[in-house]
Amino acid sequence: MNTLPNLSHAVDAARDDLIAFLQKMVQASSLPNHEHDVQNLIAQKLRSMGLEVEIVPSHFDDLRNHPAFGDDGFSPTERINVVGRWRGTGAGDGHSLILNGHVDVVPVGDLTLWDDSPWGAVIRDGKMFGRGSCDMKAGLCAGIFAVDVLQRLGYTPARDVLIESVIGEESGGIGTLTTIVKGYTADAVILLEPTRLELCPVQSGALTFRLTVTGRSIHAAMKPYGVSAIEKFALLLNAINQLSDERHRNFKHELYEDPNNIAPINIGTIRGGEWHSTVPEEVVAEGRMGVLPGESNEAVRNAFEAAIQLTAESDPWLSQHPPRVEWFEGQFESGQTPLDHPFLQKLGAVHQQVTGSAPVFRAVTYGSDMRLFTNHAKIPSTHYGPGDVGMAHAVNEFVPLDEVLTATKVVATMITEWCGK
Ligand SMILES: [Zn+2]
C-alpha cells in the first residue's frame with residue numbers, strides 16, 4: 001500500500017484539536033428535532049476546511065412517496081442535514097466515498113444515574129463521557145478529522161469524499177433518506193457507527209407490529225361463559241415464540257455472534273383487561289419482529305400473519321374472532337454488502353495495516369441507516385467506527401479516545417487507498 005508515511009503522526013499531532021472538537025459536538029445536545037446547533041457547528045467546521053458545504057433540509061413532502069419513508073412524528077420544518085464535499089481532482093483511478101454519521105441522540109433517561117452531566121463531555125481515564133459520545137459523534141468526528149489531517153498533509157483525492165452529517169437516524173432515518181432522494185451518491189459508504197473497529201456490513205431489520213385479540217367479558221364468577229382475551233393471547237404468544245425458534249433453526253449466517261439471536265421477536269407492551277374480577281375483553285400487544293438478512297419485509301409480515309392465522313384456526317373462538325395484526329411506525333429492512341466486495345476487502349486490509357490486527361467482520365442485529373444505502377441507493381456499505389454499541393443509549397455513555405484516533409487513521413488511510421490520488 002502506498003500510504004502517506006507521516007499520516008499516523010499527523011493524526012497524533014491533531015489529537016488535541018480532534019478532542020476539543022468532539023467535546024463541542026457532545027456539548028451541543030442534539031435530541032431529535034433539536035439538532036440545529038450541532039449541525040451549524042459541523043457546517044462551520046467543514047467550511048473552514050474548504051469543503052463545498054450544502055445544507056439539506058428534510059421536508060416530509062419530498063420523501064413521502066419513497067418506499068422507505070416513515071413519518072417519525074418530529075417537526076418537518078427545522079431539521080437540516082449537512083453535506084460537505086471534498087472534490088476530487090478527477091485524475092487517474094479512484095472511487096468516491098461517503099462518510100456518514102448521525103448527530104441525533106436518544107434521551108438521557110434518569111439524570112441522577114449519570115456521574116457527570118450528559119452534555120459535559122467530561123474526559124476521564126482516556127474516555128470521553130456524554131450522550132452521543134459513542135453513538136455516534138466520535139465516529140463522525142473521526143471522519144471529519146481524517147479529511148482535515150489529509151488536507152494538512154497536502155493530499156487531494158482523485159475522487160470525491162462526502163461527509164454527511166444527518167439527523168433522524170434514531171427515529172427511522174429521514175436524514176440519510178433525504179440525502180439519497182436529493183441525489184447524493186458515491187461508490188461506497190462507511191457509516192461511522194460504534195463497532196469497536198469491527199467491519200459490520202450485514203444487519204438485521206425490524207418491523208413494529210400491533211396485535212389485537214378480542215374475548216368476551218363476564219363476571220369472573222361466571223368465567224366459563226366468557227372468553228379471556230389474555231388466555232387467547234397466550235396461545236398466540238406461544239405461536240410467536242415457536243415461529244422465532246423455527247426461523248433461527250432454519251437460518252445460518254457465519255457473521256452473527258449468537259445463532260439464536262439474529263432476528264428476535266419481542267412483545268414490548270401489553271394492555272388487557274379492566275378489572276381483576278372481570279374476564280378480559282381485549283388485549284392489545286405491541287412488539288418488534290426481526291428481519292433476516294436477505295429477507296423482504298413483506299415475507300416477514302406474511303410469515304408472522306400466517307403463524308397467527310394458523311393458531312387462530314385451531315381455536316374455536318379465535319377462528320370465529322380472528323386476531324388483528326397491524327404494522328406501524330418503524331419498518332426497517334435488513335441490509336447487507338457481500339463480504340468479497342472489493343470495498344470491504346480494501347477496508348479490511350487498511351484496518352490490518354493501521355492496527356496490526358486482522359480485521360473482524362461481523363453482522364449486527366440492530367437497524368441503522370445502512371439499509372437505506374444498500375437497498376435503495378444500491379451502494380456497498382459497512383458500519384465501522386470507534387466505541388462499543390453496548391455503551392450506546394446507556395447511562396454514562398462513553399467512547400475510548402485512543403479508539404477514536406485509530407479510527408481516524410484507518411479512515412484517512414482508506415481515503416488514500418480507495419479514492420486515489
Ligand atoms: Zn447510531
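By convention here, each chain's residues receive numbers from 1 onward along its written sequence. Where local features are concerned, this predicted model is filtered to residues with pLDDT of at least 70; where side-chain atom pairs are given and counted, the filter is 80 or more; whole-chain, interface and lining totals use all residues.

Draft legend 1. Structural view of the pairing of strand E2 (residues 80-86). In terms of residue burial, E2 counts as a mostly covered element, since five of its seven residues are buried. Two strands pair when backbone bridges link them, and strand E1 (residues 52-57) and E2 are joined in this way by six bridges, in the antiparallel orientation. Each bridged residue has a counterpart across the sheet, and for Glu-54 the counterpart in E2 is Val-83. Both E2 and strand E6 (residues 161-166) contribute to a ladder of five bridges, which runs antiparallel. Following the sheet pairing, Val-82 is matched in E6 by Ser-165. Three exposure classes are used, based on other C-beta atoms lying within 10 Å of a residue's own C-beta, which is placed from the backbone: buried for 20 or more, exposed for 12 or fewer, and partly exposed in between. Helix numbering and strand numbering both begin at the N terminus, where a helix is a DSSP run of H or I of at least 4 residues and a strand a DSSP run of E of at least 2. Pairing between strands requires that DSSP locate at least two bridges from one strand to the other.

Draft legend 2. Layout of the nonpolar core. Counting 82 residues, the largest nonpolar core has Cys-141, Val-411 and Ile-415 as the members making the most contacts within it. Among the elements that take part in this core, helix H5 (residues 133-152) stands out by supplying 12 residues, more than any other. Here, residue contact means that the backbone-derived C-beta atoms of the two residues sit within 7 Å. Dropping the residues within four chain positions of it, Ile-415 is found in contact with Leu-97, Ala-146, Leu-150, Pro-157 and Val-161. Only buried residues count toward a nonpolar core: Ala, Val, Leu, Ile, Met, Phe, Trp, Tyr and Cys, linked into one set through C-beta atoms within 7 Å. The next biggest cluster of nonpolar side chains, apart from the first, holds 23 residues, and it includes Leu-236, Val-291, Ile-308 and Ala-312.

Draft legend 3. View of the domain arrangement of the protein. As assigned here, the protein comprises domain 1 (7-203 + 334-418) and domain 2 (205-332). A total of three residues in the side of domain 1 that touches domain 2 trace back to one element, the largest contributor, which is strand E14 (residues 361-364). Partitioned by chemical class, the residues of the side of domain 1 that touches domain 2 number three nonpolar, six polar and two charged. Just so you know, the domain bounds were taken from an automatic or database domain assignment. When residue character is reported, Ala, Val, Leu, Ile, Met, Phe, Trp, Tyr, Cys and Pro are called nonpolar, Asp, Glu, Lys and Arg charged, and the others, Gly included, polar.

Draft legend 4. View of the environment of Ile-265. Along the chain, the position of Ile-265 falls in strand E10 (residues 265-272). In this structure Ile-265 comes out as buried when scored by C-beta crowding, with 21 C-beta atoms within 10 Å. Remark: the alpha-carbon pair of Ile-265 and Lys-182, spanning 83 residues in sequence, is separated by 34 Å. Those residues in contact with Ile-265 that lie beyond four places of it in its chain are Ile-240, Leu-243, Ser-244, Gly-287, Met-289 and Gly-290.

Draft legend 5. Broad picture of the sheet that holds strand E16 (residues 398-400). If you trace the three strands from one edge of the open sheet to the other, you get E4-E5-E16, paired in antiparallel fashion. Single-partner strands in this sheet number two, and they are strand E4 (123-124) and E16. In this sheet, strand E5 (residues 127-129) lies alongside E4 in antiparallel orientation, the contact comprising two bridges. Among the inter-strand pairings, Arg-124 is bridged to a residue of E5, identified as Lys-127.

Draft legend 6. Examining the packing of helix H6 (residues 174-181) against helix H11 (residues 370-377) more closely. Lines fitted to C-alpha atoms define the axes here, with helix axes fitted over just the stretch in contact, and angles between the N-to-C directions of these axes take values from 0 to 180 degrees. Axis separation between H6 and H11 bottoms out at 9 Å; the angle between their running directions is 30 degrees. Between H6 and H11, the angle is such that the two are roughly parallel. Classified by chirality, the crossing of H11 by H6 is right-handed. Facing Thr-176, Leu-177 and Ile-180 of H6, the residues of H11 in contact are Leu-372, His-376 and Ala-377. Taken together, the residues of the contact of H6 with H11 sort by class into four nonpolar, two polar and no charged. Convention used here: angles under 35 degrees read as roughly parallel, angles over 145 as roughly antiparallel, angles from 65 to 115 as roughly perpendicular, and any remaining angle as oblique. Each helix crossing is assigned a hand: it is left-handed if the near helix lies turned anticlockwise from the far helix by less than a right angle, otherwise right-handed if that turn is clockwise.

Draft legend 7. Quick peek at helix H2 (residues 15-27). When the terminal C-alpha atoms of H2 are compared, their 18 Å separation across 13 residues agrees well with the 18 Å that a helix rising 1.5 Å per residue should span. Within H2, the full set of buried residues consists of Leu-18, Leu-22, Met-25 and Val-26. Buried residues of H2, viewed axially, fall in a sector of 95 degrees; they line one side. Seen from the open side of H2, the exposed residues pointing more than 90 degrees away from its buried face are Asp-16 and Ala-20. Helices are assigned an expected span. That span is 1.5 Å times one less than the residue count. The arc in question is the one traced by the directions running from the helix axis out to the C-beta atoms.

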